[in-house]
Amino acid sequence: MVAQIANTILRSISRYPWMLAVLLLTGCFGDGKQSTIRPESDSARIIQDVYAMVTWIDVGIFIVVATLLAVAMIKYRAGAQKDIDIPKQVHGNVVVELIWTLVPAILLIFIAVPTWQGIFRAAAPPRAGALQVEAIGHQWWWEFRYPSENIVTANELHVPVNRTVVVKTWSADVIHSIWMPRLAGKIDSLPGKSNEIWFTPEKIGEYLGQCAEFCGTSHANMRFKVIVDSPSDYQTWVDRQSMAPVASSPDAQAGEKLFATKACVACHTITGVAGAVGVIGPNLNDLGSRTTIASGILENTPDNLAAWIQDPQSMKPGALMILPMEVNPSEAAQLAAFLTSEPGAAAPAPAVPAPAVPAPPTAGSDVSAQDIIGAKGCTICHAIPGFPAPAAEIGPALAGLMSRDTIAGGAIQNTEDNLRAWLKNPPGMKPGTLMLNVGLTDPEIDTLIDFLKTLE
Ligand code: HEC
Ligand code: HEC
Ligand SMILES: [Cu+2]
């Protein structure tokens, strides 16, 4: 009989080969780095215990039911009719019916009680001595804040071994879900409301996590790492996070200047770097200590870093790192050198002049509007007649601008003075706007406004 069953299974697989693909796709054959069934924390083990118990009860039920079914199928199959009579037909049997009602009911109680216990244990974070961290989901990266240490980092959550971590999570934009399978369950990161999850890591090492709620183009690229350190390694890491980088090589020093002039400062914070207080992108303190960049999709090597800085969208579709100005390969290498500089003493870095703006290509009215638009990257965010369409329309199309009553999403009356003020300093007119201050001079603004007036 066993041979018959095995034969049937093999025959179905040869007839329907996709069944094998289903087995492979269920993830049975991974490296286990992101496996829910290999818990490495108390919290993950609560879930695993319930899961294993339910699975073993189910396996028992399956064996009993499948055996009875197989016996009935083989014994009473059409070909066996000649030597076996149809069994006696009965209708209603109190004893049998009581058994098949009570046995499942008892099994359900066996499943329900430990499940409830698990749910309540997993839902109640132990507070005493726990490390509080905050995980904020952004399209498409994770911000990690440590309020007690007063530090902020991104995409790599460092925690000390054997200390309970309570992760409070929410979102800066759409719904995300934080999931680190070997350490804890998964929980939604919602805009406007926070949730909590906790775990006590038990083993030093790296654990993978990822966003588990579809959140747009690069949802699948929204990964992160939890790095469980020894207490002393953790403390060293914490200390580095609040130090300013020391740009020691000439390349790094050039990169530090570019960081201001290329408007990186508008979106990124680096401690001790004047003007670098942007919060649209990840905090870049001690970037050199991160093993990956762009939320776990690229190894943190000088080449990857430089490639990312030149063209983030080609490496991560939809990435919201919108560069207002072109960055050439040597500038990218200098920026990479600066970003991976070793953090120095806690003393503030040498003062850098307030975010400088790039010098206009050539001052004067002989510069065409087309040249300014090209040099300032307006077409990265705006559809403008006569120019290639932007990859993503971050800002409104500029055709027919002069016929609008208001600009900036209705926030500002469309007068020539307001337009001038807007182009000079958009965040000054509308805090939080995604249109950066690209550093236009007054003559450039005159030229641009004359051009904008011609757009039908
Ligand atoms: C308009 C805002 C914006 C500007 C301007 C900007 N960035 Fe970014 N940056 C982002 C965002 C958003 C991300 C996260 C992208 C992702 O992973 O999806 C990012 C990610 C990064 C990362 C990867 C960090 C990590 O740990 O994953 C680096 C490095 C970086 N930016 C450097 C720069 C440099 C250098 C400049 C200037 C040439 C710059 N950025 C300009 C918004 C910006
Ligand atoms: C990083 C993206 C980005 C760049 C680069 C950019 N803009 Fe904008 N721009 C925007 C966004 C976003 C808005 C909408 C502002 C809002 O409502 O917050 C906007 C609004 C405007 C408006 C008002 C239009 C309206 O109907 O609201 C004008 C005019 C404008 N931009 C011109 C320019 C010019 C000229 C340049 C180049 C010098 C430029 N922008 C560069 C993102 C950008
Ligand atoms: Cu997400």
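Above this text you will find the structure in question.
Described in the following lines is the structure provided in the data block. Small disclaimer: the values here were computed from a predicted structure and weren't measured.

1. Some remarks on the nonpolar core
Core analysis: the biggest nonpolar cluster contains 29 residues, and Tyr146, Val167, Met180, Phe199 and Val226 have the highest contact counts within it. Within the residue set of this core, elements represented by two or more residues are β1 (131–138), β2 (141–146), β4 (156–160), β5 (165–171), β8 (195–199), β9 (205–211), β10 (223–229) and α5 (231–241).

2. Quick look at the coordination of the iron atom of ligand 2
For the iron atom of ligand 2, the protein coordination sphere consists of His382 (NE2) and Met435 (SD), at 1.9 to 2.0 Å. One can describe the donor arrangement at the iron atom of ligand 2 as octahedral, given that its 6 donor atoms subtend angles of 86 to 178 degrees at the metal. Of this pair, His382 sits in the loop between α11 (378–381) and β13 (406–407) while Met435 sits in the loop between α13 (426–429) and α14 (442–453), and the two are 53 residues apart along the sequence. Under the relative-accessibility criterion, His382 is labelled buried at 11%. For Met435, a relative accessible area of 24% puts it in the partly exposed group.

3. Quick look at the site of ligand 1
Near ligand 1 there are 30 residues, and of these Cys264, Cys267, His268, Ala294 and Met321 occur at the shortest range. A distance of 2.7 Å is found between a nitrogen atom of ligand 1 and a side-chain nitrogen or oxygen belonging to His268. In this structure, an oxygen atom belonging to ligand 1 sits 2.6 Å away from a main-chain N or O atom of Ala294. Secondary-structure elements contributing two or more residues to the shell around ligand 1 are α7 (302–310) and α9 (329–339).

4. Quick look at helix α4 (residues 94–123)
Helix length check: α4, at 30 residues, gives a terminal C-alpha distance of 43 Å against a target of 44 Å (1.5 Å per residue), a fit within 8%. With a side-chain oxygen positioned 3.1 Å from the backbone nitrogen of Val95, the residue opening α4 is Asn93.

5. Side note on the coordination of the copper ion (ligand 3)
Distances from the copper ion (ligand 3) to its protein donors, His176 (ND1), Cys211 (SG), Cys215 (SG) and Met222 (SD), fall within 2.0 to 2.6 Å. Taken together, the 4 donor atoms surrounding the copper ion (ligand 3) define angles of 91 to 122 degrees at the centre, an arrangement classified as tetrahedral. Note on His176: relative accessible area 0%, which makes it buried.

6. Comments concerning the packing of aromatic side chains
If you walk through the whole model with that rule in mind, you get 6 aromatic pairs. Where Tyr146 meets Trp237, the ring centres are 5.5 Å apart and the plane angle is 55 degrees; that geometry is what we call tilted. Taken together, the positions of Tyr146 in strand β2 and Trp237 in helix α5 put the pair 91 residues apart, joining distant regions of the chain. Note on accessibility: Tyr146 and Trp237 belong to one class, buried. Measuring from centroid to centroid gives 6.5 Å for Phe387 and Phe451, while their planes differ by 90 degrees, and the two rings are edge-to-face. Remark: Phe451 occurs in helix α14 and Phe387 occurs in the loop between α11 and β13; sequence separation between them is 64 residues. Among the aromatic residues, those joined into a ring-pair cluster are Trp142, Phe144 and Phe224. Directly above the aromatic system of Trp179 lies the positively charged group of Lys186, at a separation of 4.5 Å from the ring centroid.

7. Side note on the packing of α7 against α9
Remark: α7 packs on α9, axes separated minimally by 8 Å, with the N-to-C direction vectors making an angle of 120 degrees. Judged by the inter-axis angle, α7 sits oblique to α9. Taken as a pair, α7 and α9 cross one another with a handedness that is right-handed. Where α7 approaches α9, its residues Pro302, Leu305, Ala306, Ile309 and Gln310 are matched on the opposing element by Pro329, Ala332, Ala333, Leu335, Ala336 and Leu339. Among the residues forming the contact of α7 with α9, the class breakdown is 10 nonpolar, 1 polar and no charged.

8. Structural notes on the sheet that holds β8
Across the sheet, 5 strands lie side by side as β3-β2-β1-β5-β8; this open sheet has mixed pairing. Two strands close off the open sheet at either side, each with one partner strand: β3 (151–154) and β8. Strand-to-strand twist of the sheet, defined as the mean angle between neighbouring strand axes without regard to direction, takes the value 25 degrees. Here β2 runs beside β3; their pairing, made up of 4 bridges, is antiparallel. Residue Phe144 lies in a different strand from β3, and its bridge partner there is Thr153. Strands in contact with α5 are β1, β2 and β3; relative to β3, the strand with the most contacts, it is inclined by about 100 degrees.

9. Description of the environment of Arg121
Here Arg121 is to be found in helix α4. By relative accessible area, which is 54% here, Arg121 ends up exposed. Those residues in contact with Arg121, other than ones at most four positions away along the chain, are Ile46 and Trp198.

Thresholds applied
Residues numbered from 1 in each chain as written. Chains lettered and ligands numbered in written order. Predicted model: local features only at pLDDT ≥ 70, side-chain atom pairs only at ≥ 80, totals over all residues. Heavy atoms only, no water. Core = buried A, V, L, I, M, F, W, Y, C linked by side-chain atoms within 4.5 Å. Buried < 20%, exposed > 50% of the residue type's maximum accessible area, 1.4 Å probe, protein only. Helix = DSSP H or I, 4+ residues; strand = E, 2+ residues; numbered from the N terminus. Donors = N, O, S within 2.8 Å, 3.2 Å for Na, K, Ca; no water. Tetrahedral: all angles 85-135°; square planar, octahedral: opposite > 155°, others 65-115°. Near = heavy atom within 4 Å. Polar contact = N/O pair within 3.5 Å; in protein donor to acceptor, adjacent residues only side chain to side chain. Expected span 1.5 Å × (residues − 1). Phe/Tyr/Trp six-rings, centres within 6.5 Å; stacked < 30°, edge-to-face > 60°. Lys NZ or Arg CZ within 6 Å of the ring centre and 35° of its normal. Axes fitted to C-alpha atoms, helices over the stretch in contact; angles between N-to-C directions. Parallel < 35°, antiparallel > 145°, perpendicular 65-115°, else oblique. Left-handed = near helix turned anticlockwise from the far one by under 90°. Contact = heavy atoms within 4.5 Å. Nonpolar A, V, L, I, M, F, W, Y, C, P; charged D, E, K, R; others polar. Pairing = 2+ DSSP bridges.

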